[in-house]
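Letter by letter, the chains look like this.
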Number of protein chains: 2
Amino acid sequence: MVNFLINKLKRCRVCGSTAVVFIPYANAAFCKSHFIAFYERKIKKTLDDYGFKGGKVLVGVSGGKDSMALIYALKRLQNDLNIDLYAVHIDLGIHEYSEKSKKIVSSFLSDLGIEFEIVNVRRFINASIPKVVQTSRRPACAICGLIKRYILNSIAYENDYDYIATGHNLDDVSTYLLKAFLTHRSEDILRAPTPVSPPKKEYKLVGRLRPQLFLSERDNQLYCELNHIPYIDDPCPLSSGASLFKYKLLWTKILETNPVSQINFVKTVFETREKIDESVQKLDFCKYCGYPTTSDDKICAVCRIKLRVNKLKIKTDNRKH
Amino acid sequence: MVNFLINKLKRCRVCGSTAVVFIPYANAAFCKSHFIAFYERKIKKTLDDYGFKGGKVLVGVSGGKDSMALIYALKRLQNDLNIDLYAVHIDLGIHEYSEKSKKIVSSFLSDLGIEFEIVNVRRFINASIPKVVQTSRRPACAICGLIKRYILNSIAYENDYDYIATGHNLDDVSTYLLKAFLTHRSEDILRAPTPVSPPKKEYKLVGRLRPQLFLSERDNQLYCELNHIPYIDDPCPLSSGASLFKYKLLWTKILETNPVSQINFVKTVFETREKIDESVQKLDFCKYCGYPTTSDDKICAVCRIKLRVNKLKIKTDNRKH
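Predicted model only: the values in this text are computed from it and were never measured. (Residues numbered from 1 in each chain as written. Chains lettered and ligands numbered in written order. Predicted model: local features only at pLDDT ≥ 70, side-chain atom pairs only at ≥ 80, totals over all residues. Heavy atoms only, no water.)

1. Structural notes on the interface of chain B and chain A
Contacts between the two partners involve 28 residues from chain B, matched on the other side by 28 residues from chain A. Of the roughly 2,600 Å² buried between chain B and chain A on both sides combined, carbon and sulfur atoms contribute 66%. Put simply, chain B and chain A have zero salt bridges between them. Our enumeration of links across chain B and chain A arrives at 14 residue pairs in polar contact (both at pLDDT 80 or more). Put simply, the parts of the chain that give the side of chain B that touches chain A at least two residues each are α7 (170-182), α8 (186-191), α10 (245-257) and α11 (261-274) of chain B. (Contact = heavy atoms within 4.5 Å. Buried area = accessible area lost by both parts, 1.4 Å probe. Salt bridge = Lys/Arg side-chain N within 4 Å of Asp/Glu carboxyl O. Polar contact = N/O pair within 3.5 Å; in protein donor to acceptor, adjacent residues only side chain to side chain. Helix = DSSP H or I, 4+ residues; strand = E, 2+ residues; numbered from the N terminus.)

Printed below as a string of structure tokens:
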């Protein structure tokens, strides 16, 4: 369990009882129940502020603290948010790590009484994530993210969900954006996730919800601990040396100067970006799977991976004979 | 003199002779003459990249390292840049500080053979900068900057210059922008200076050049030292406690992670901003001085200061009688 207790005796901002957590960006201490209320209010407000009106929502639950906190909070907020809630876990085939994740997610979702499905990544790309990563020079997290987005969208689209919800947090998006600015990748600024993207069913794209985009990783962890929500705390064994790490560390230094800076940064980027009249990107449909792609040869990134994996399989099989 | 010599023996990237400076963002060491060439090439490239084609240029020279390096470099580049070069120094009336600045600037510009004028801030606002600062709650640097911009523009406009050039450096603009992002001031992102703004003579606005916008304060200092250019090194006595300081310090930490990050950051912001279709701001002309203003009551910010100063003067004079 993290040490989230505060050193000096502080009083809850709301009720004045002994506080158990201190939230630097809010400059506020809270008791257990008022921290939970603060956390859930932020989720509701984020979705409201970005125009979400409800619908049929499929939550991607990996078993990490972000998505476990998300599904729990959305379950509690489902009436307020006017949502029908379902969950899906993708078995990535990352050996013991995936086995452990699958187990913890299934048992938690059953206890919560949420309807869920577990899908195997092999059904979509004919190989496990470690196998796919071996066939590419791109970072593991980039490939895995791409595949997970594709799978979530196609399951949601085929089953008539309006939105997918995922556990992206403030540290994720602020680090992604900071890296984009400090490495001169202007195109990534337009690509960074927003709290709500509406569905574009004509392009076979369901909407996206990232309700925790203004909540930090630490907030999610505290919410899990205080609600006794189980989660996988080990980092993914494939993620070591992710290049975002040094930019994540920078935030620690920046937050020492100004504890609200991380939220300010993300909101300012969003506001600036909203002023940009994004000309509609040319979207075609992939000639193999029928889902949208921007690629000129009409093969989407996931089908390209699948083709490469299959080709390598045939080669290996031939060698065996 | 700053310690800009490098500790370990390095070779000039261009000629292989013993280097005297190391430039982290370029990951390159240079001998004296090749650093000077590197510096001047950057000035030329910045102006070219942002579409500057030449004209009649008035340089504001305060006596600090940035503007002293600027006038010297522009003098050397005047044929390449296709410019007619003139200078102006504004005597701000900040006691010994202004006296010292005026002396160093006059003697340097005379030696360089540049035609120049020295104008007194009192001619425009009927008081010295320290007096004006006393009448306002705004930070000294904000008021002084506003007044200097106004004076430079009106002198340049009335004397048919095409552009004003000023010594804004990379540390200035990157700190201004970082603060804007980290304090959630989206409006400041659109307001931040660019290397070249074309003239809008119909609004009585001459163009603006900031040729050192991708050169650091340290680059300017090195250029001064290596060319034996004199400059005032003392900070302005009114600038103490400027709120930008903590964001300037943050850059030191960020640059340890990635030495190119400061230039990347500014270029990425500029590129993002270029995509924004800035709707033309409503501009009126001030009913007192005739220069442009966005204010609803048609009184520009400088005339407003002048009115306040005059009112206080009348009060004080009345008390004396």
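2. Quick look at the nonpolar core
Counting residues in each nonpolar core, the largest one holds 134 residues, and the members touching the most others are Phe35, Ile71 and Phe265 of chain A together with Phe35, Ile71 and Phe265 of chain B. With residues near it in sequence (within four places) discarded, Phe35 of chain A still touches Val21, Ile23, Phe30, Asp219, Leu222, Tyr223 and Leu226 of chain A. Of all hydrophobic cores here, the second largest spans 35 residues; its members include Val132, Val133, Ala140 and Cys286 of chain B. (Core = buried A, V, L, I, M, F, W, Y, C linked by side-chain atoms within 4.5 Å. Buried < 20%, exposed > 50% of the residue type's maximum accessible area, 1.4 Å probe, protein only.)

3. Topic: the sheet that holds strand β6 (residues 163-165) of chain B
All names here are of chain B. Strands sit in the order β5-β4-β3-β6-β8-β7 across an open sheet of six strands; the sheet is mixed. Sheet topology places β5 (116-120) and β7 (196-197) at the edges, where each strand pairs with a single neighbour. Against the sheet, helix α2 (residues 65-81) contacts β3 (55-60), β4 (83-91) and β6, and its axis sits at roughly 165 degrees relative to β4. (Pairing = 2+ DSSP bridges. Axes fitted to C-alpha atoms, helices over the stretch in contact; angles between N-to-C directions.)

4. Points about the sheet that holds strand β8 (residues 207-209) of chain A
Residues and elements named next belong to chain A. Read across the open sheet, the six strands follow the order β5-β4-β3-β6-β8-β7; overall the sheet is mixed. Strands with a single pairing partner mark the edges of an open sheet, and in this sheet they are β5 (116-120) and β7 (196-197). Running at roughly 135 degrees to strand β4 (residues 83-91), helix α6 (residues 140-158) makes contact with β3 (55-60), β4, β5, β6 (163-165) and β8 of the sheet.

5. Re the environment of Tyr247 of chain B
By secondary structure assignment, the location of Tyr247 of chain B is in helix α10. When its relative accessible area of 3% is taken as the criterion, Tyr247 of chain B is described as buried. It is 8.2 Å that separates the C-alpha atoms of Tyr247 of chain B and Tyr176 of chain B, two residues lying 71 residues apart in sequence. Aside from chain neighbours lying at most four places away, what touches Tyr247 of chain B is Asn258 of chain A together with Thr175, Leu178, Lys179, Leu182 and Thr183 of chain B. Polar side-chain contacts of Tyr247 of chain B include one of 3.2 Å to the side chain of Asn258 of chain A.

6. A look at the relation of the copies chain B and chain A
Once chain B has been moved 0.0 Å along the axis and rotated by 180 degrees, it coincides with chain A to within an RMSD of 0.0 Å. Put plainly, the chains are arranged around a two-fold axis. The rotation axis passes nearest to the C-alpha of Ile276 of chain B in chain B, at a distance of 2.4 Å. (Least-squares fit on C-alpha atoms with pLDDT ≥ 70 in both.)

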